[in-house]
Amino acid sequence: MLIQQLINGLVSGCVYALVALGYTMIFGILGIVNFAQGEIYMFGAFTAVLTLAATGNIWLASAAGIAVACVLGVLLERIAFRPLRGMHPLIPLISAIGASIFLSSLARLLFGPEDRAFPFEFHPSSFYFYGAQINQLQLAIIAVSVGLMAILTLFLNMTKHGKAIIAVAMDSDAARLSGINVNRAYEITFLLGSALSGAAGIMMAIYYNSTSPSMGLLPGLKGFSAAILGGVGSIPGAIIGGLVLGIAENLGAAYISSSFKDAFAFIALVLVLILLPRGIMGSRK
Amino acid sequence: MLQVRNLHIYYGQIQAVKGASLHVKPGEIVALIGGNGAGKSTILRAISGIVKSTSGSILLSDTEISSLPPERILKNGIGHVPEGRRLFRGLTVHDNLMLGAYSRNDSARIKNDIETMELLFPILGKRRKQLAGTLSGGEQQMLAMARTLMARPRMLLLDEPSMGLAPIITSQIYEKIGLLNKNEGLSILLVEQNAKLALKLAHRGYVIETGRVVMEGPTSELRESNEIQRAYLGKGYREVWE
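For the structure given in this document, a descriptive report is provided here.

Cut-offs applied
Residues numbered from 1 in each chain as written. Chains lettered and ligands numbered in written order. Predicted model: local features only at pLDDT ≥ 70, side-chain atom pairs only at ≥ 80, totals over all residues. Heavy atoms only, no water. Core = buried A, V, L, I, M, F, W, Y, C linked by side-chain atoms within 4.5 Å. Buried < 20%, exposed > 50% of the residue type's maximum accessible area, 1.4 Å probe, protein only. Contact = heavy atoms within 4.5 Å. Helix = DSSP H or I, 4+ residues; strand = E, 2+ residues; numbered from the N terminus. Pairing = 2+ DSSP bridges. Patch = residues over 30% accessible without salt bridge, like charges linked within 9 Å, V, L, I, M, F, W, Y side chains within 5 Å. Areas by Shrake-Rupley, 256 points an atom, 1.4 Å probe, with all protein chains shown as cover. Salt bridge = Lys/Arg side-chain N within 4 Å of Asp/Glu carboxyl O. Buried area = accessible area lost by both parts, 1.4 Å probe. Polar contact = N/O pair within 3.5 Å; in protein donor to acceptor, adjacent residues only side chain to side chain. Nonpolar A, V, L, I, M, F, W, Y, C, P; charged D, E, K, R; others polar. Phe/Tyr/Trp six-rings, centres within 6.5 Å; stacked < 30°, edge-to-face > 60°. 1 Å grid on protein atoms, 1.4 Å probe; cavity = no way out; pocket = protein on both sides within 12 Å on 5 of 7 lines; lining within 4 Å. Points joined across faces, edges and corners; volume = space filled by probe spheres on them.

### Looking at the nonpolar core
One finds A:Leu21, A:Leu76, A:Leu152, A:Val168 and A:Ile180 to be the most contacted residues of the largest nonpolar core, which totals 80 residues. Beyond its immediate stretch of four places on either side in the chain, A:Leu21 contacts A:Met149, A:Leu152, A:Leu196, A:Ile235, A:Ala238 and A:Ile239. Core analysis: the next-biggest nonpolar cluster, separate from the first, contains 43 residues, B:Ala101, B:Met150, B:Leu186 and B:Ile228 among them.

### Brief notes about the pairing of strand S9 (residues 204-209) of chain B
All names here are of chain B. Among the 6 residues that make up S9, 5 are buried, leaving the element largely enclosed by the rest of the structure. Of the pairings in the sheet, the one linking strand S3 (residues 29-33) to S9 comprises 4 bridges and is parallel in character. Paired with Leu32 across the strands is Tyr206, a residue of S9. With 6 bridges connecting them, S9 and strand S10 (residues 212-218) associate as antiparallel partners. Looking across to S10, one finds that Arg204 is bridged to Pro218. In sequence, S9 turns back onto S10 through a hairpin of 2 residues, with Thr210 there showing a positive phi of about 35°.

### Examining a nonpolar patch on the surface
Side chains of A:Ile267, A:Val270, A:Leu271, A:Ile274, A:Leu275 and A:Leu276 sit close together on the surface and give an oily, nonpolar patch of about 590 Å² of accessible area. Its place among the elements puts A:Ile267 in helix H11 (residues 261-275).

### Some thoughts on the interface of chain A and chain B
On the chain B side, the residues contacting the 17 residues of chain A number 22 residues. Buried area between chain A and chain B, summed over both chains or domains, comes out near 1800 Å², and the portion from carbon and sulfur atoms is 61%. For the pair chain A and chain B, the interface holds 3 salt bridges. For B:Asp95, the salt bridge goes to A:Lys163, with nearest N and O atoms at 2.8 Å. At the boundary of chain A with chain B, the tally comes to 5 residue pairs in polar contact (both at pLDDT 80 or more). Ranked by the residues each element gives to the side of chain A that touches chain B, the list is headed by helix H6 (residues 160-170) of chain A, at 7 residues. Tallied by class, residues from the side of chain A that touches chain B come to 8 nonpolar, 4 polar and 5 charged.

### A word on the packing of aromatic side chains
All names here are of chain A. In the structure shown here, the tally under the stated rule is 8 aromatic pairs over all chains. Note on Phe43 and Phe111: the rings are 5.7 Å apart at their centroids and 65° apart in plane angle, and the pair reads as edge-to-face. Taken together, the positions of Phe43 in helix H2 (residues 37-55) and Phe111 in helix H4 (residues 90-111) put the pair 68 residues apart, joining distant regions of the chain. Residue Phe43 shares its accessibility class with Phe111, and that shared class is buried. Geometrically, the ring pair formed by Phe81 and Phe190 is tilted, given 5.6 Å between the ring centres and 35° between the ring planes. Of this pair, Phe81 sits in helix H3 (residues 58-81) while Phe190 sits in helix H8 (residues 182-208), and the two are 109 residues apart along the sequence.

### A closer look at the layout of surface pockets
Residue and element names in this part refer to chain A. Here the largest pocket is characterised by a volume of approximately 810 Å³. Lining the largest pocket we find 26 residues, and of these Gly28, Ala169, Val232, Gly233 and Ser234 sit closest to its centre. Here the lining of the largest pocket is composed, by residue class, of 12 nonpolar, 11 polar and 3 charged.

Next comes the structure, spelled out in structure tokens:
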């Protein structure tokens with residue numbers, strides 16, 4: 001039972017971590033909270049579902065979903081955030097909420113308000129591990145998430161453009177004086193964050209076999225909570241925060257009450273913030 | 001080489017620079033001296049493109065650069081070592097140097113230039129894997145200069161290189177600045193509170209007060225001027241008091 005809940009928690013935790021990485025990177029470099037992250041997740045999922053229905057190719061569908069998420073992220077930076085740079089931080093925040101409402105309304109118009117099943121049925125085989133039933137889909141989600149997080153970490157720490165993003169996050173004026181094009185760095189950050197959210201959306205559309213215009217709302221909120229839980233701006237913090245949140249809510253649902261599943265995630269957030277106000281990995285100055 | 005004409009800069013409602021004009025010839029060291037808030041740093045920030053001027057022109061070898069973004073100005077050959085060093089403190093010394101070469105694509109020569117920097121500032125070679133934020137003030141100033149030099153500029157803007165440093169470290173830094181000018185032919189525009197030091201090293205100087213150039217000339221003349229001696233070199237106080 002415990003192991004079962006840990007595995008279930010790990011699966012949702014990986015998804016929260018992917019969304020949280022988008023939040024934390026964008027906050028780290030621009031100091032803004034991109035509340036439209038959940039809608040990008042949803043658009044990624046819908047694009048994959050529609051492409052799959054049209055072509056029958058799951059790889060093409062996933063690529064299309066991630067590509068649309070990336071394009072949306074870059075457009076969002078251009079339209080909703082770049083013109084507001086240098087203004088009071090509340091203004092881009094309102095712009096982000098506006099973008100989020102706009103995108104979910106747009107999805108309702110384009111895709112209709114009802115739930116859609118994933119057009120391809122997976123029949124994952126399961127096996128037992130110390131009494132816990134694990135299926136291949138869960139393993140695949142964990143593996144893909146870990147892979148994406150590893151690629152992101154390697155990109156940021158090992159490549160020239162990745163280090164430039166870190167440099168811009170540390171001191172944007174010094175980065176400009178070093179010849180770094182900060183607008184390019186902002187674009188790459190939005191692109192990466194959106195790609196991760198899009199991938200998370202596609203995986204969850206497969207896992208729950210359901211896609212709807214409001215599917216991004218809760219994962220968006222929980223990804224945001226995970227980013228804060230881990231220490232906003234910290235990459236390892238976002239990953240740990242996501243996993244803690246996913247496991248906490250599954251354990252709470254299993255041992256206390258399943259009808260309060262979503263509440264446990266936020267209770268975990270409140271508890272951590274009371275004990276560690278800067279988050280698990282946040283800098284303590 | 002560099003020509004600034006009638007530069008005006010506003011920060012919001014406040015005018016920081018009120019029609020300053022100055023120039024730097026190839027291979028020359030020029031000092032800007034003056035008190036706190038006189039607008040010296042703002043002039044450097046406008047030349048490197050970090051702040052935009054309201055009016056006036058900035059010409060580099062007869063090309064207008066005042067509307068270019070900082071990365072383009074750096075590519076045109078002006079490197080700016082900002083006040084307070086502004087290193088990427090959480091990254092290693094080596095990473096800081098590599099980021100200085102961000103605009104370049106010739107990786108073989110970049111590697112070569114890192115070795116050159118480690119010869120010029122041997123301490124940077126010893127501290128290669130250390131985080132920049134853990135360096136001492138003098139080491140940080142050396143790294144900040146080396147980071148900017150990694151872009152291979154023809155001209156260096158130096159903002160308060162002696163700030164917060166012990167006199168012995170300051171003279172080491174000034175020795176390196178002199179060497180870069182003499183051996184590499186690097187033109188240098190130097191902003192400095194320590195007027196005595198700046199007027200000793202530079203060929204020419206400008207005195208900036210409340211956003212205007214109030215005096216200019218060869219440093220040999222400026223050093224002799226009574227006004228400068230009293231206001232910036234701390235001489236002649238006795239006569240004033242008595």
